[in-house]
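Survey of secondary and tertiary structure
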Amino acid sequence: MSGKRKNFDSENDDLKKMKTNGHWSNGLLSAMEDPELIVQSNSKLVVIQDKFPKAEFHYLIIPREDIHSLKAVDKSHLELLKYMHNIGERLTQEPRHQSRTFKMGYHAEASMTRLHLHVISDDMNSPCLKTKKHWNSFTTHFLLDSKEVCENLEKYGKIKLLSSEYCKKMMDTPLKCHKCDYIPKTMPDLKKHIMKHLK
DNA sequence: GTTCTAGAAC
DNA sequence: GTTCTAGAAC
């Protein structure tokens, strides 16, 4: 019984590994080829729905160019990043997003390979948003604003990255509602509270 | 990135 | 006893 269960699990793992090119951190590379996730695509980039959305609307804008992360971005990518920003802006203005507010930004330290721009509605209402890390990664300065990233690249020829210490500090920020001064005791408490801000 | 779960917190 | 967080995953 338990032996059979183990076999089943390892077969599942093998399937997952094939899809993720050997490691979970490559998951975006297969996600950007998944027709069920693709929202739009062209020769420069692919827009997908985040597989585990942290809000009611959560998209990823992923360049086709193999840029590993923000650390690999230099001035030669300025036009591409501006273009990604513009595509994001256009996306937020589509009819189904009417009366929604969005944030657009890059995680200072991303887990998944291939540069990706988060476009996320500010409701933060999603069953996939479960942990303090999830919360703080979108509600603190851990999320580097797309417009600011573009401006820094344009003005200084490089992006202001955050030290790993500062990233850790952002992740350890005590929970706080992003729309008012409410201080929740726990994540379930916070998730209940944010319902009050839904329209 | 997620899942799972031990043990901390309540 | 139950809820919740946080660290391992070979």
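Residues numbered from 1 in each chain as written. Chains lettered and ligands numbered in written order. Predicted model: local features only at pLDDT ≥ 70, side-chain atom pairs only at ≥ 80, totals over all residues. Heavy atoms only, no water.

So, on to the side chain of Asn 26. The residue Asn 26 is located in the loop between helix 1 (2-19) and helix 2 (27-31) in this model. Here Asn 26 is in contact with Thr 20, Asn 21 and Thr 113, once residues within four sequence places are set aside. (Helix = DSSP H or I, 4+ residues; strand = E, 2+ residues; numbered from the N terminus. Contact = heavy atoms within 4.5 Å.)

Bringing the protein's contact with DNA strand C into the picture now. Within the structure, DNA strand C sits among Thr 186, Met 187 and Pro 188. The sugar and phosphate moieties of DNA strand C supply 100% of its atoms located within 4 Å of the protein. A distance of 2.9 Å is found between a phosphate oxygen of DNA strand C and a backbone nitrogen or oxygen belonging to Met 187. (Near = heavy atom within 4 Å. Polar contact = N/O pair within 3.5 Å; in protein donor to acceptor, adjacent residues only side chain to side chain.)

What follows deals with the layout of surface pockets. A volume near 930 Å³ is recorded for the largest pocket. Taken together, 31 residues form the lining of the largest pocket, with Leu 28, Asp 50, Lys 51, Phe 52 and Met 112 sitting closest to its centre. Those elements giving two or more residues to the lining of the largest pocket turn out to be helix 1, helix 2, strand 3 (58-63) and helix 4 (132-139). Here the residues of the lining of the largest pocket are counted per class, giving 13 nonpolar, ten polar and eight charged. Within this model, the second largest pocket holds a volume of roughly 240 Å³. What lines the second largest pocket is a set of 15 residues, among which His 68, Ser 69, Leu 70, Glu 109 and Ala 110 lie closest to the centre. (1 Å grid on protein atoms, 1.4 Å probe; cavity = no way out; pocket = protein on both sides within 12 Å on 5 of 7 lines; lining within 4 Å. Points joined across faces, edges and corners; volume = space filled by probe spheres on them. Nonpolar A, V, L, I, M, F, W, Y, C, P; charged D, E, K, R; others polar.)

On to unusual backbone geometry. Unusually for a residue other than glycine, Ser 99 sits at a positive phi of about 65°. Phi at Arg 114 takes a positive value of approximately 80°, unusual for a residue other than glycine. With respect to the helices, strands and loops of the structure, Arg 114 is situated in the loop between strand 4 (102-107) and strand 5 (117-121).

Attention shifts here to the UniProt feature "domain: HIT" (unreviewed entry) in chain A. Under the UniProt annotation, the feature "domain: HIT" (unreviewed entry) is placed at residues 25-129. Secondary structure content for residues 25-129 is 19% helix and 25% strand, and the end C-alpha separation is 19 Å. (UniProt positions renumbered as here; feature names shortened; annotations may be inferred.)

Glancing now at the side chain of His 107. Secondary-structure assignment places His 107 in strand 4. A polar side-chain atom of His 107 sits 3.4 Å from a polar atom in the side chain of His 118. Here the side chain of His 107 touches Ser 137 through a polar contact of 3.1 Å, landing on its backbone oxygen. The contact partners of His 107, leaving out residues within four places of it in the chain, are Leu 70, His 118, Ser 137, Phe 138, Phe 142 and Leu 143.

Take the nonpolar core next. Ile 61, Leu 81, Met 84, Tyr 106, Leu 115 and Val 119 are the most contacted members of the largest nonpolar core, which has 30 residues in total. Residue assignment for this core shows that the elements contributing at least two residues are strand 2 (45-49), strand 3, helix 3 (78-92), strand 4, strand 5, helix 5 (146-156) and helix 6 (164-171). When residues in this core are grouped by element, the largest group, six residues, is from helix 3. If sequence neighbours within four positions are ignored, Leu 115 has contacts with Ile 61, Ile 62, Pro 63, Ile 67, His 68, Ser 69, Leu 70, Val 73, Leu 81, Met 84 and Tyr 106. (Core = buried A, V, L, I, M, F, W, Y, C linked by side-chain atoms within 4.5 Å. Buried < 20%, exposed > 50% of the residue type's maximum accessible area, 1.4 Å probe, protein only.)

This brings us to the sheet that holds strand 4. Within the open sheet, the six strands sit side by side as 1-2-3-5-4-6. Their pairing is antiparallel. A single partner strand is all that each edge strand has here, and the edge strands are strand 1 (38-41) and strand 6 (143-145). Neighbour to neighbour, the strand axes of the sheet diverge by 30° on average, direction disregarded. Here strand 4 runs beside strand 5; their pairing, made up of four bridges, is antiparallel. Bridged to Phe 102 within strand 5 is Ser 121. On the sheet, helix 4 packs against strand 3, strand 4, strand 5 and strand 6 and is oriented at approximately 105° with respect to strand 4. (Pairing = 2+ DSSP bridges. Axes fitted to C-alpha atoms, helices over the stretch in contact; angles between N-to-C directions.)

Before going further, it helps to spend a moment on the pairing of strand 5. Across the five residues of strand 5, five count as buried, placing the element largely inside the fold. Burial along strand 5 is two-sided: Leu 117, Val 119 and Ser 121 and His 118 and Ile 120, pointing in opposite directions, are all buried. Where strand 3 and strand 5 come together, four bridges link them in antiparallel fashion. Directly across from Ile 61, in strand 5, lies its bridge partner Leu 117.

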